[in-house]
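Residues per chain, in single letters:
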Amino acid sequence: MNKNGLLVCLAICLIFLLILSTKACKDEILEIEESNAHRWQKYMNEQEYEQVKVGMPYMEVVKIAGGAGKEIKKNVYEWNDELLLTQGFRLTFKDDKVTKKEIVERRGNSSR
């Protein structure tokens, strides 16, 4: 096999491994979410938010919250509050680690 053929083979193997690792991560998240007794438990509450520390990997946050956050922009995820519908928990990640935590207040749909 020539040098170019070897490089193509290695590239294909690398892509295959990346696809498998991404699928395994999604399967783990689905498994975590399905283990909750109630659908709303995939969101986060204040006690779970307090457990999240800067430097924590995304999957550890998912395990604490009981579900995946919604990616609102690149590397920024938000979890709805499972108890109060008036706030959300926003986490910023860099290199799969929490770099910033914030609570975002939400306004209701009421026109009063």
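Look up: the structure comes first, before these words.
Residues numbered from 1 in each chain as written. Predicted model: local features only at pLDDT ≥ 70, side-chain atom pairs only at ≥ 80, totals over all residues. Heavy atoms only, no water.

**Considerations on the pattern of salt bridges**
Thought 1: Summed over the entire model, instances satisfying the criterion amount to 4 salt bridges.
Thought 2: In this structure, E78 and R106 form a salt bridge, with 2.1 Å as the shortest nitrogen-oxygen distance. On the criterion of sequence distance, the pair formed by E78 in strand β2 (residues 76-80) and R106 in the segment after β4 (97-105) is long-range, its members being 28 residues apart.
Thought 3: Judged by its relative accessible area of 11%, E78 is buried. (Salt bridge = Lys/Arg side-chain N within 4 Å of Asp/Glu carboxyl O. Helix = DSSP H or I, 4+ residues; strand = E, 2+ residues; numbered from the N terminus. Buried < 20%, exposed > 50% of the residue type's maximum accessible area, 1.4 Å probe, protein only.)

**A word on the side chain of E48**
Thought 1: With respect to the helices and strands, E48 occurs in helix α2 (residues 46-51).
Thought 2: Salt bridges are absent for the buried E48, whose nearest opposite-charge side chain, K101, sits at 12 Å.
Thought 3: Apart from residues lying up to four places away in sequence, E48 is in contact with Y43, I64, A65 and E82. (Lys, Arg positive; Asp, Glu negative; His and termini not counted. Contact = heavy atoms within 4.5 Å.)

**As for the pairing of strand β1 (residues 70-73)**
Thought 1: Of the strand pairs in this sheet, β1 and β2 are connected by 3 bridges, and their pairing is antiparallel. Following the sheet pairing, E71 is matched in β2 by Y77.
Thought 2: From the end of β1 to the start of β2, which pair antiparallel, there are 2 residues, and N75 there has a positive phi angle of about 65°. (Pairing = 2+ DSSP bridges.)

**Quick look at helix α3 (residues 58-65)**
Thought 1: Y58, M59, V61, V62 and A65 are the residues of α3 that are buried. Angularly, the buried residues of α3 cover 155° about the axis, an arc narrow enough to put them on a single face.
Thought 2: One or two residues past the end of α3 sits G66, with phi positive at roughly 90°. (Arc of directions from axis to C-beta.)

**Looking at the nonpolar core**
Thought 1: Judged by nonpolar contacts, the single largest core of 17 residues is most densely connected at M44, V52, Y58, V61, W79, L91 and F93.
Thought 2: Elements with a contribution of two residues or more to this core: α1 (3-34), α3, β2 and β3 (87-94).
Thought 3: Top contributing element to this core by residue count: α3, with 5 residues. (Core = buried A, V, L, I, M, F, W, Y, C linked by side-chain atoms within 4.5 Å.)

**Quick look at the pairing of β2**
Thought 1: Burial runs high along β2: 4 of the 5 residues are buried.
Thought 2: By the bridge criterion, 5 bridges tie β2 to β3 in an arrangement that is antiparallel. Counterpart to Y77 in the pairing with β3 is L91.
Thought 3: Between β2 and the antiparallel strand that follows it, β3, lie 6 residues.

**Some thoughts on the sheet that holds β1**
Thought 1: Here 4 strands make up an open sheet; going across it, the order is β1-β2-β3-β4 and the pairing antiparallel. Of all the strands in the sheet, the pair left with one neighbour each is β1 and β4. Across the sheet, the mean angle from the axis of one strand to that of its neighbour is 30°, orientation sign disregarded.
Thought 2: As paired elements, β3 and β4 share 8 bridges and run antiparallel to each other. (Axes fitted to C-alpha atoms, helices over the stretch in contact; angles between N-to-C directions.)

Geometric values such as these leave the question of function open.
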